[in-house]
Amino acid sequence: MAGHNNNTILKRFLAICKNTNLVPMLLISLLCSVSYFFGVYQHSDGANSTAIISQDHDQNCLLPTISNITTPQPVLNFKPNHTAEEELISAQPYVSSTYFPPCDIKYSEYTPCEDLQRSLKFTRDKLIYRERHCPEKDELLKCRIPAPYGYKNPFKWPVSRDFAWFSNAPHKHLTVEKAGQNWIRFEGDKFRFPGGGTMFPNGADKYIDDIAKLINFKDGSIRTAIDTGCGVASWGAYLLSRNILPISFAPKDSHEAQVQFALERGVPALIGVLASNRLPYPSRAFNMAHCSRCLIPWGLFDGQYLIEVDRILRPGGYWVLSGPPINWKQHYRGWNRTEDDLHSEQSQIEAVAKSLCWKKFAEKGDIAIWQKPTNHIHCKINRKVLRRPSFCQAQNPDQAWYTKMETCLTPLPEVAGLREVSGGKLANWPERLTATPPRIRSGSIEGITEKMFQEDTKLWKKRLAHYQNVNSELGNKDGRYRNLLDMNAKLGGFAASLVDYPLWVMNVVPPEAKVDTLGVIYERGLIGTYQSWCEAMSTYPRTYDLIHADSVFSLYQDRCEMEDILLEMDRILRPEGTVIFRDDVDILLKIKTMTEGFEWSSQIIDHEDSPHFREKILFAMKKYWTAPSDAKSVS
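Right, let's walk through the structure included here. (Residues numbered from 1 in each chain as written. Predicted model: local features only at pLDDT ≥ 70, side-chain atom pairs only at ≥ 80, totals over all residues. Heavy atoms only, no water.)

**Describing the overall build of the protein**
Then, in step 1: Each helix and strand counted, the protein has 19 helices and 17 strands in total.
Then, in step 2: Burial statistics for the protein: of 635 residues in total, 55% are counted as buried.
Then, in step 3: Taking as baseline every contact in the protein between residues at least 6 positions apart, the subset at least 24 positions apart corresponds to 69%.
Then, in step 4: Only carbon and sulfur atoms are counted for the fraction: they give 53% of the accessible area of the protein, which is about 28,700 Å². (Helix = DSSP H or I, 4+ residues; strand = E, 2+ residues; numbered from the N terminus. Buried < 20%, exposed > 50% of the residue type's maximum accessible area, 1.4 Å probe, protein only. Contact = heavy atoms within 4.5 Å. Areas by Shrake-Rupley, 256 points an atom, 1.4 Å probe, with all protein chains shown as cover.)

Structure below.
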């Protein structure tokens with residue numbers, strides 16, 4: 001009876017609606033109400049959830065965690081708070097994920113653009129064969145580089161400065177070759193780095209103390225440094241404790257695994273060599289350059305290599321040299337060279353330095369230091385006497401991606417007076433990080449204003465907070481992430497937002513980017529390099545703990561294959577490493593599908609401002625896996 005009464009009431013109600021045209025309005029109200037209560041149900045169900053991806057593969061290794069932090073508003077879960085991802089996936093044409101198998105163990109330390117067999121095709125003149133020579137498209141590997149069996153997460157910083165697992169870089173060659181110089185020692189299942197070097201057997205810290213007696217390291221004026229021919233990068237490792245940020249580089253196979261050891265220690269380093277191409281850094285980048293018996297022929301080839309150091313050295317910057325030929329009268333017998341030979345080499349270096357308008361700042365014991373002028377007013381006057389090298393004409397001093405070195409002097413920006421610093425004086429560290437960089441202040445970076453720079457700094461603080469709500473390990477002061485890479489760094493805002501944590505960021509500015517901002521990054525007191533992601537990076541596999549990829553795949557659409565960029569990311573990412581992608585949602589959906597073939601775990605979350613933005617964020621984690629135990633070792 002009740003059912004009959006209800007049907008009668010419903011029929012009368014619909015008749016009224018039909019006569020009064022209320023049906024559309026009522027349907028809309030009904031749909032809105034259902035959507036509202038469904039949304040409330042979703043939020044109440046997920047507000048206290050915690051998403052975790054972890055694998056307990058070794059008791060000595062840190063358990064990586066991706067988790068959300070519960071906050072009042074908004075509630076950011078690793079699982080998104082809406083069904084946008086599922087709806088978009090269902091709306092997209094189905095794309096099957098291709099499985100990418102593991103490579104053979106012989107590729108465990110494969111660095112595509114520094115491959116030994118390929119390099120032998122090139123001339124040994126000026127070490128050109130040790131420069132970047134990348135594989136052709138049909139030579140690219142379509143498999144995942146394996147970690148050696150027994151691979152473990154590196155020690156946390158600062159312990160990693162002194163220790164590395166043998167299984168991660170299984171090479172004992174240096175423990176024998178440099179046994180008397182305290183570079184590296186093998187102890188049980190690990191390597192120990194006593195901090196020594198060829199020219200500092202008493203340790204890098206003591207050696208740096210000796211330099212600091214000549215150059216002021218305490219006032220924040222020295223922030224960025226480059227170490228040429230770095231060995232295992234002990235100089236850079238100990239420099240970090242003084243708030244000086246180094247980049248170390250050395251050629252692959254000069255001494256086996258030296259750059260690999262540096263990266264295992266948590267020290268910024270790249271494979272590189274002074275040969276025929278410019279180093280991949282902008283002009284006026286470094287406050288200090290260093291060579292400790294790096295075996296670079298500084299006086300040869302019309303001083304070409306010192307001219308390149310001059311290009312990347314800031315006005316007023318320092319060049320520090322120890323080892324041959326410095327203090328040759330004391331050491332020539334131990335160096336097995338004649339007095340005349342060493343005297344001639346030092347004379348050549350002194351002459352080149354003078355021709356660059358450098359002044360001899362100090363020479364004490366085994367250390368000599370030169371200083372670059374703060375501007376070129378006097379230098380241009382002196383060209384009437386010292387005609388070589390001439391000033392370069394019509395060149396871009398920052399262009400350094402496959403750009404040939406020249407034997408002309410890179411002119412500094414014009415100044416009005418002798419006391420002015422060319423290009424603008426930098427604030428001392430740490431004020432340098434947030435002060436408007438001179439390149440922006442002067443208007444030399446097209447389309448970027450001081451206001452835009454300041455807003456960008458605030459933006460990345462906000463974005464970091466959003467990332468940390470999803471992944472609480474990012475920026476954690478216990479050292480979960482140490483080596484970070486920003487693949488499209490722009491103004492360096494991501495790295496700047498992380499400056500208070502025990503980590504470093506290699507900021508990449510692709511040569512394909514619309515604006516070259518790497519000079520700005522260095523003026524902020526950060527480090528970086530040029531790198532096209534259509535090619536492999538000059539670094540070993542398993543270099544980085546976390547990779548940040550902001551609009552990288554939008555930039556490289558129609559330039560190179562997505563799967564090749566992702567395979568390179570997989571190569572340089574450590575097992576259980578994390579990737580943060582920012583990009584258009586359609587691109588992220590393709591990435592997510594493709595990385596399933598890499599066996600990565602991933603999840604798309606909303607933009608920090610609103611779910612209505614097409615730009616989304618994809619968090620991904622590479623799983624822990626190694627070559628099998630019966631695979632043949634690389635050493």
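Having put the structure on the table, let's press on.
**Section: the sheet that holds strand E1 (residues 163-165)**
Then, in step 1: Spatially, E1-E3-E2 is the arrangement adopted by the three strands of the open sheet, whose pairing is antiparallel. Two strands lie at the open edges of the sheet, namely E1 and strand E2 (185-187), each paired on one side alone. Taken over all neighbouring pairs, the strand axes of this sheet differ in orientation by 30° on average, direction set aside.
Then, in step 2: Relative to strand E3 (residues 190-192), E1 runs antiparallel, the two sharing three bridges. Across the sheet, the residue bridging to alanine 164 is phenylalanine 191, located in E3. (Pairing = 2+ DSSP bridges. Axes fitted to C-alpha atoms, helices over the stretch in contact; angles between N-to-C directions.)

**Description of helix H19 (residues 585-595)**
Then, in step 1: Those residues of H19 that fall on the buried side of the exposure criterion are Val585, Ile587, Leu588, Leu589, Ile591, Lys592 and Thr595.
Then, in step 2: Where H19 begins, the capping side chain belongs to aspartate 584, and its oxygen is found 3.0 Å from the backbone nitrogen of aspartate 586. (Polar contact = N/O pair within 3.5 Å; in protein donor to acceptor, adjacent residues only side chain to side chain.)

**Focus on the pattern of salt bridges**
Then, in step 1: As enumerated under the stated definition, the model contains 38 salt bridges in all.
Then, in step 2: Note that glutamate 264 and arginine 574 form a salt bridge whose closest N and O atoms lie 3.0 Å from each other. Of this pair, glutamate 264 sits in helix H8 (residues 258-264) while arginine 574 sits in strand E15 (residues 573-584), and the two are 310 residues apart along the sequence. Neither residue differs from the other here; glutamate 264 and arginine 574 are each classed as buried.
Then, in step 3: A salt bridge links arginine 388 to aspartate 302, with the nearest nitrogen and oxygen atoms 3.6 Å apart. Taken together, the residues span a long stretch of sequence, with arginine 388 in the loop between helix H12 (377-382) and helix H13 (438-441) and aspartate 302 in the loop between strand E7 (286-292) and helix H9 (304-312) at a distance of 86 residues. With respect to burial, arginine 388 and aspartate 302 carry one shared label: exposed.
Then, in step 4: Through salt bridges with shared partners, a single network forms among Arg463, Arg582, Glu608 and Glu615. (Salt bridge = Lys/Arg side-chain N within 4 Å of Asp/Glu carboxyl O.)

**Points about unusual backbone geometry**
Then, in step 1: Geometrically, the link from tryptophan 157 to proline 158 is a cis peptide bond, its omega value of 10° lying close to zero.
Then, in step 2: Structurally, the position occupied by proline 158 is in the loop between helix H4 (116-119) and E1.
Then, in step 3: Each neighbour pair has its own omega, and for tryptophan 429 with proline 430 the value is 10°, a cis peptide bond.
Then, in step 4: For proline 430, the position within the fold is in the loop between H12 and H13.
Then, in step 5: With phi around 60°, asparagine 327 is a residue other than glycine that occupies positive phi space.
Then, in step 6: Inspection of the secondary structure puts asparagine 327 in the loop between strand E8 (313-322) and helix H10 (328-331).
Then, in step 7: At aspartate 558, a residue that is not glycine, the phi angle is positive and equals roughly 70°.

**Focus: the sheet that holds strand E17 (residues 615-621)**
Then, in step 1: Spatially, the seven strands line up as an open sheet ordered E13-E12-E11-E14-E15-E17-E16, and their pairing is mixed. Bordering the open sheet on either side are strand E13 (528-530) and strand E16 (601-605), each of which pairs with just one other strand. Each neighbouring strand pair of the sheet contributes to a mean axis angle of 15°, computed without reference to strand direction.
Then, in step 2: With six bridges joining them, strand E14 (residues 544-550) and E15 adopt parallel strand pairing. Following the sheet pairing, aspartate 550 is matched in E15 by arginine 582.
Then, in step 3: Sheet contacts for helix H18 (residues 562-572): strand E11 (483-486), E14 and E15; angle to E15, the most-contacted strand, approximately 145°.

**Some points on the state of the cysteines**
Then, in step 1: This model, assessed by the stated rule, comprises six disulfides.
Then, in step 2: Across the disulfide from cysteine 103 sits cysteine 143; the S-S distance is 2.1 Å. Residues cysteine 103 and cysteine 143 are joined by a disulfide whose S-S torsion is about 100°; by sign, that bridge is right-handed. Taken together, the positions of cysteine 103 in the loop between helix H3 (84-91) and H4 and cysteine 143 in the loop between H4 and E1 put the pair 40 residues apart, joining distant regions of the chain.
Then, in step 3: Judged by its relative accessible area of 15%, cysteine 143 falls in the buried class.
Then, in step 4: What pairs with cysteine 113 in a disulfide is cysteine 134, and their sulfur atoms sit 2.0 Å apart. Between cysteine 113 and cysteine 134 the disulfide shows an S-S torsion of about 110°. By sign, it is right-handed. (Disulfide = S-S within 2.5 Å.)

**What about helix H14 (residues 450-470)?**
Three- or four-residue spacings in an α-helix give side chains the same orientation, since the helix completes a turn every 3.6 residues.
Then, in step 1: Taking 1.5 Å per residue, 21 residues should reach 30 Å; H14 reaches 31 Å between its end C-alpha atoms and fits that length.
Then, in step 2: Here H14 has its buried residues at Phe453, Asp456, Thr457, Trp460, Arg463, Leu464, His466, Tyr467, Gln468, Asn469 and Val470. (Expected span 1.5 Å × (residues − 1).)

**Re the side chain of glutamine 258**
Then, in step 1: Relative to the assigned elements, glutamine 258 resides in helix H8.
Then, in step 2: On the accessibility criterion, glutamine 258 (4% relative accessible area) is buried.
Then, in step 3: A distance of 3.3 Å separates a polar side-chain atom of glutamine 258 from the backbone oxygen of proline 251.

**Considerations on the nonpolar core**
Then, in step 1: Core analysis: the biggest nonpolar cluster contains 136 residues, and Trp298, Trp319, Leu485, Phe553, Met569 and Phe581 have the highest contact counts within it.
Then, in step 2: No other element matches H18, which puts six residues into this core.
Then, in step 3: Domain assignment of the residues forming this core places at least three in each of domain 1 (142-384) and domain 2 (431-622).
Then, in step 4: Among the nonpolar cores identified, the runner-up in size contains nine residues, and Ala164, Trp183, Phe191 and Ala257 belong to it. (Core = buried A, V, L, I, M, F, W, Y, C linked by side-chain atoms within 4.5 Å. Domains from an automatic or database assignment.)

**Here's the deal with the packing of H18 against H19**
The relative placement of two packed helices is expressed as an angle between their axes plus a distance between the axes.
Then, in step 1: It is at 11 Å that the axes of H18 and H19 come closest, and there the two elements cross at 60°. Here H18 lies oblique to H19, going by the angle between them. The interaxial crossing formed by H18 with H19 has right-handed handedness. Between H18 and H19, the contacting residues are Met562, Glu563 and Leu566 on the first element and Ile587, Lys590, Ile591, Met594 and Thr595 on the second.
Then, in step 2: Classifying every residue of the contact of H18 with H19 by side-chain character gives five nonpolar, one polar and two charged. (Parallel < 35°, antiparallel > 145°, perpendicular 65-115°, else oblique. Left-handed = near helix turned anticlockwise from the far one by under 90°. Nonpolar A, V, L, I, M, F, W, Y, C, P; charged D, E, K, R; others polar.)

**Some points on the environment of aspartate 586**
Then, in step 1: For aspartate 586, the location among the structural elements is in helix H19.
Then, in step 2: The partly exposed category is assigned to aspartate 586, whose relative accessible area is 27%.
Then, in step 3: The spacing of aspartate 586 and arginine 614 is 28 residues in sequence and 8.4 Å in space, taken between C-alpha atoms.

**Brief notes about the side chain of arginine 480**
Then, in step 1: Following the sequence through the fold, arginine 480 ends up in the loop between H14 and E11.
Then, in step 2: Here arginine 480 is buried and forms no salt bridge, its nearest opposite-charge partner aspartate 545 lying at an N-O distance of 5.2 Å.
Then, in step 3: For arginine 480, the side chain forms a polar contact with the main-chain oxygen of glutamate 576, separated by 2.8 Å. (Lys, Arg positive; Asp, Glu negative; His and termini not counted.)

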